[in-house]
Amino acid sequence: MVFSKSFLTVVSRLSLVGIIVLGGFHFGSAFFIADMVEESGRSEIKNLSESIDVSSAEDLAVYIQNNDKKVISSETIKEWFEPYVRNYTGKEDIRISPEKVEKYLVSIAPSINTQPVNAKFILVEGKAEEFTPSEYGRSLDIDASKKLIVDAIVNGKNEAVLAVEIIEPAITLDRVNELGITVLIGRGESDFKSSPSSRIHNIRVGSAKYNGTILKPGEVFSFNSILGEVDESGGYRSELVIKKGKLVYEYGGGLCQVSTTLFRAAIMAGLPILERKPHSFPVRYYDPQGFDATIYPGVVDLKFKNDTSNHILIQSRVEGTKLIFDIYGPADGRKVALEGPFQHDQKANGSMKAHFIRKTYQDNLLVKEERFDSTYGAPAPLERNPLE
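Treat the numbers as computed from the prediction; the structure is a model and nothing was measured.

Asker: Got a minute to help me understand the packing of aromatic side chains in this structure?
Answerer: One pair of aromatic rings is described through two measures. These are the centre distance and the angle between the planes. Counted under the stated rule, the structure contains nine aromatic pairs. Taking the centre distance of 6.0 Å and the plane angle of 70° together, the rings of Phe263 and Phe291 count as edge-to-face. Of this pair, Phe263 sits in helix α9 (residues 255-268) while Phe291 sits in the loop between β17 (273-275) and β18 (303-305); the two residues are 28 residues apart in sequence, bridging distant segments of the chain. With respect to class, Phe263 is no different from Phe291; both count as buried. Here Arg199 stacks its cationic end above the ring of Tyr285, 3.8 Å away from the centre of that ring.

What follows is the structure in structure tokens.
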């Protein structure tokens, strides 16, 4: 088999990225290219086994953006080598298993990959002002990093820089005033009067996590995805929470005051509610009953969608004993009217049912009518119930 000089030049260039397309077939390995060129009798490429002593392989330092450093041990690298027979020459050789290198990169990717963080800001007299700057995210490029590692080992290098894709946040401070966030579209309020100090503390800590949150058009809001872990390291204190229909002490007691208040704001903003569950039994902090939303990480979430034509902004604040959530967005002619909530089927043991109706108008025309139902069991028989 004989190839022209010009064809070999092209093949040589393509081998730099380890990809060649020939006769409708796709080959993703530089070893195949080396095989083809060697078979033609026009290359001085030698067997890898002749140039590398696997037993003396050394550690390889890999860097992420020239900052973070990880070390691939020599023992791991030795395990990557495998024997094989060249397809076109029939010669025995060794190679670095691309599957094993990829498996390693996939295993470390979660420690490298980060999601971009949108800028958060406050709205003052209709103008966005700086609150929290945005952060770029990053994603490990598995294929490109795999080639960089293989090349480093083959060429006897002791370090390599991994390929990382930088992900730009959707919202940056230099363009927050261009997002179409112009008016207050929904407000929710609740009163935590007479709450114990630990519960008030948790409400303040939890509500602050949502202050300045921005949702782009079509984006789904998840209360739990922003809330994160609820433990002492997050600044929360132990308090009574509803779990499996009973009151037990856990970190974060009172966070349902946050989800309930935000739920009320989303209702008044006319946003589609995708997931909402009422509490197991009536809780006095959430009067009037039937207008609440419980959450529990990993079990119950509060979700709604930004179905407006522009971004929306969520802001929270505490005034006295009241928690308030405001949602700002575009002036799109949407109006909401609420009927209720109404309580009914009330029993002597404290159980009851409730419902309210949301009517959404667009340019003064009724476009949607929804009913939200709640069923509450009897309060748990405990000596003291600070949530009731």
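Asker: Looking at this model, I keep getting lost on the pattern of salt bridges. Mind explaining?
Answerer: Two side chains that carry opposite charge are able to pair once their charged atoms sit near each other. Per the stated rule, a full pass over the model turns up 16 salt bridges. For Asp307, the salt bridge goes to Arg334, with nearest N and O atoms at 2.8 Å. Taken together, the positions of Asp307 in the loop between β18 and β19 (312-319) and Arg334 in strand β21 (residues 334-344) put the pair 27 residues apart, joining distant regions of the chain. Residue classification places Asp307 among the partly exposed residues on the basis of a relative accessible area of 36%. The exposure class of Arg334 is buried, given its relative accessible area of 17%. Linking Arg334 and Asp332 is a salt bridge whose minimum nitrogen-to-oxygen distance equals 3.4 Å. A relative accessible area of 24% means that Asp332 is categorised as partly exposed.

Asker: Could you clarify how one ought to interpret the sheet that holds strand β13 (residues 213-215) in this entry?
Answerer: Pairing is antiparallel across the open sheet formed by four strands, whose spatial order is β12-β20-β19-β13. In this open sheet, the two edge strands, each paired with only one partner strand, are β12 (183-191) and β13. Averaged over all adjacent pairs, the angle separating strand axes in this sheet is 20°, with direction ignored. In this sheet, strand β20 (residues 322-329) lies alongside β12 in antiparallel orientation, the contact comprising eight bridges. By the bridge assignment for β20, Arg187 is matched with Asp326. Contacts from α9 reach β12, β19 and β20 within the one sheet, and its direction differs from that of β12 by about 145°.

The rules behind the values
- Residues numbered from 1 in each chain as written.
- Predicted model: local features only at pLDDT ≥ 70, side-chain atom pairs only at ≥ 80, totals over all residues.
- Heavy atoms only, no water.
- Phe/Tyr/Trp six-rings, centres within 6.5 Å; stacked < 30°, edge-to-face > 60°.
- Helix = DSSP H or I, 4+ residues; strand = E, 2+ residues; numbered from the N terminus.
- Buried < 20%, exposed > 50% of the residue type's maximum accessible area, 1.4 Å probe, protein only.
- Lys NZ or Arg CZ within 6 Å of the ring centre and 35° of its normal.
- Salt bridge = Lys/Arg side-chain N within 4 Å of Asp/Glu carboxyl O.
- Pairing = 2+ DSSP bridges.
- Axes fitted to C-alpha atoms, helices over the stretch in contact; angles between N-to-C directions.
- Contact = heavy atoms within 4.5 Å.

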